[in-house]
Amino acid sequence: MWRYEALLPVEQPTGVAQAAGRTPLIRSHALDDAAGCRVYVKDESENPTGAYKDRGSAVAVPHAIETGTDVIGTISYGNMAVSTAAHATSLGRACIVLVPDEIPSARLELIAQYEPTIVQVSGDYGALYADGIALSESLPISVLVSDAPARISGYKTVVFEIYESLAPDTPDAIVLPTSSGGFASGVWRGLRDLETLGLLEEPPRLYLVQTATADPITQAFETGATEPTALSPDETGETIAHSIGNPDPPSGTRALAAVRETDGAVVSVSDAEIQSAQRRFAVDGGFCVEPAAATPLAGLTRLSERGEVASDESAVVVPTGTGFKELGTGNESVDTEQTSRTELPELLDAVLAAH
Ligand SMILES: *Cc1c(COP(=O)(O)O)cnc(C)c1O
């Protein structure tokens, strides 16, 4: 991603930040049927910690250090925590990660491998977002949450890469999962940068996909509101797509504006649709993605069914995070019924008989 250094607020840092971005864009014919159009996969699972968050951490962590902070903090027990901890330690900085006290051990292990200071917080974890910002203002700690401006500027590099990979073609649509709206804001920023540079004739339609169990941005889109309304705890449900589902998205207003300006839409998908898309990614496409990262394909299926995306159009789906972190946690949706045990001689007989 440092190919675009001139358009970023920091110079290329040393360390793991150099491994961020430059992910492949793959034309995946095998996913066309499921999606209902021509599919390109921008495989963000190939980032150093397995999620697009690295594009943001690669910029936001050195940016915080430049402004004089020695300690990096974050409030997350998912991909944000893993990525922030990796980038902080890579630049020799201490990192504080605030996690809920009921964190599953597999997630704790993923974060702890970088040896940040992990603080388990009891009580209302959702309220920590505001507390974290306050912490950032009163202590020499930079708390890098989802809408930190330097993080969002790192995210925009994904757009530059998509356009360079496809040139001279351009995509008709870009489809992303959305939670806080940070990634969507970054993608929109990237499109506007291309426009300013005279490199974008017609922007792609931006489609955002939320989990139906927590979808304030979809609800605002459908009612024509310019700002999402925060959902109360009883309006928010459980989902297998644990990386998305923010009841009060800090960058929701910007995400909505991006969708409307590009003639896109916001759609919500159920856990059943997410699970089915995750299988299609693996079984048809050969991609291992986490449930949240499968939502763009689920959303695209819906959009095609609704006639919003035509079969001859091209859509870039962005699986935002790898599914490999889920394996072994008991959360993965793998159909182990298909495995069968057999003795080698029997197997050989069966193979020979089949020929
Ligand atoms: C963080 C995350 C998202 C959501 O991104 P936002 O910037 O919060 O909208 C989507 N998918 C994965 C895998 C994530 O880790």
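The structure under discussion appears in the preceding block.
For the structure given in this document, a descriptive report is provided here. Everything numeric in this text was worked out from a predicted model, so none of it was measured.

### Regarding the nonpolar core
- Of all hydrophobic cores here, the largest spans 32 residues; its most connected members are Ile162, Leu176, Phe183, Val187, Leu208 and Val316.
- Broken down by secondary-structure element, the contributors of at least two residues to this core are α6 (149-155), α7 (157-166), β7 (173-177), α8 (182-196), β8 (205-211), α9 (216-223) and α10 (252-261).
- Those residues within four positions of Val187 in sequence are excluded, and the remaining contacts are Val158, Val159, Leu176 and Leu206.

### What to know about the pairing of strand β10 (residues 314-317)
- Along β10, one buried face is formed by Ser314 and Val316 and the opposite face, lined by Ala315 and Val317, is buried too.
- Bridge analysis of strand β2 (residues 38-42) against β10 gives four bridges, and the strand direction is parallel. Across the sheet, residue Arg38 finds its bridge partner in β10, namely Ser314.
- Bridging between β7 and β10 involves three bridges; their strand directions are parallel. Across the sheet, the residue bridging to Ile174 is Val316, located in β10.

### Description of the packing of aromatic side chains
- Counted by the stated rule, this structure contains five aromatic pairs.
- Note on Phe281 and Phe287: the rings are 6.2 Å apart at their centroids and 85° apart in plane angle, and the pair reads as edge-to-face.
- Residue Phe287 is classed as buried on the basis of its relative accessible area of 12%.
- Pairwise contacts between aromatic rings join Tyr52, Tyr155 and Phe183 into one cluster.
- The lysine or arginine in question, Arg27, covers the ring of Tyr40, its NZ or CZ lying 5.6 Å from the ring centre.

### Notes on the site of the ligand
- Around the ligand, 15 residues are found, and the nearest of them are Tyr52, Lys53, Asn79, Ser180 and Thr320.
- Residue Asn79 places a side-chain N or O atom 2.7 Å away from an oxygen atom belonging to the ligand.
- Contact distances for the ligand include 2.7 Å between a nitrogen atom and a side-chain N or O atom of Thr320.
- Coverage of the ligand by the protein chains reaches 95% of its 380 Å² of free accessible surface.

### Thoughts on empty space enclosed by the protein
- In total, this model carries one cavity of 30 Å³ or more according to the counting rule given.
- A volume near 40 Å³ is recorded for the largest cavity.
- In this structure, the largest cavity is lined by Gly73, Thr74, Ile75, Ile96, Leu98, Leu135, Ile141 and Val143.
- Listed by contribution, the elements that provide at least two residues to the lining of the largest cavity are β3 (71-75), β4 (94-100) and β6 (141-143).
- If one sorts the elements of the lining of the largest cavity by residue count, β3 sits on top with three residues.
- When the residues that make up the lining of the largest cavity are grouped by side-chain class, the tally is six nonpolar, two polar and no charged.

Each value, and the rule that gives it
- The written sequence of each chain sets the order in which its residues are numbered from 1.
- pLDDT decides what is reported in this predicted model: residues at 70 or higher carry local features, side-chain atom pairs at 80 or more are listed and counted, and totals for whole chains, interfaces and linings draw on all residues regardless.
- The side-chain figures draw on all heavy atoms in the structure; neither hydrogens nor water molecules are used.
- Grouping buried Ala, Val, Leu, Ile, Met, Phe, Trp, Tyr and Cys residues that are joined through side-chain atoms within 4.5 Å yields what is termed a nonpolar core.
- In this scheme, a residue with accessible area under 20% of its type's maximum is buried, one over 50% is exposed, and one in between is partly exposed, where area comes from a 1.4 Å probe on protein chains only.
- Secondary structure elements follow DSSP: runs of H or I no shorter than four residues count as helices, runs of E no shorter than two count as strands, and numbering proceeds from the N terminus.
- Every residue pair with non-hydrogen atoms within 4.5 Å of one another is taken to be in contact.
- Pairing between two strands requires that DSSP report at least two bridges joining them.
- Centre distance within 6.5 Å is the pairing criterion for rings of Phe, Tyr and Trp, where only the six-membered ring of Trp is used; planes under 30 degrees apart are then read as stacked, over 60 as edge-to-face, and the remainder as tilted.
- In this scheme, Lys NZ or Arg CZ marks a charge over a ring once it lies within 6 Å of the ring centre and within 35 degrees of the ring normal.
- What makes a residue near a molecule or strand is one non-hydrogen atom of that residue sitting within 4 Å of it.
- Residues adjacent in sequence count toward polar contacts only when both atoms are side-chain atoms; beyond that, a polar contact is any pair of N or O atoms within 3.5 Å, and within protein one must be able to donate a hydrogen and the other to accept it.
- Note on areas: Shrake-Rupley, 1.4 Å probe, and residue coverage restricted to the protein chains presented here.
- Here a cavity means grid points, on a 1 Å grid over the protein atoms only, where a 1.4 Å probe fits yet cannot get out; a pocket means an open set of points with protein on both sides within 12 Å along at least five of seven lines; lining residues are those with an atom within 4 Å of a point.
- Grid points are joined across faces, edges and corners, and a volume is the space filled by probe spheres set on the points.
- All residues other than Ala, Val, Leu, Ile, Met, Phe, Trp, Tyr, Cys, Pro, Asp, Glu, Lys and Arg, Gly among them, are scored as polar; the first ten of these are nonpolar and the last four charged.

Just geometry here; none of it tells us what the structure is for.
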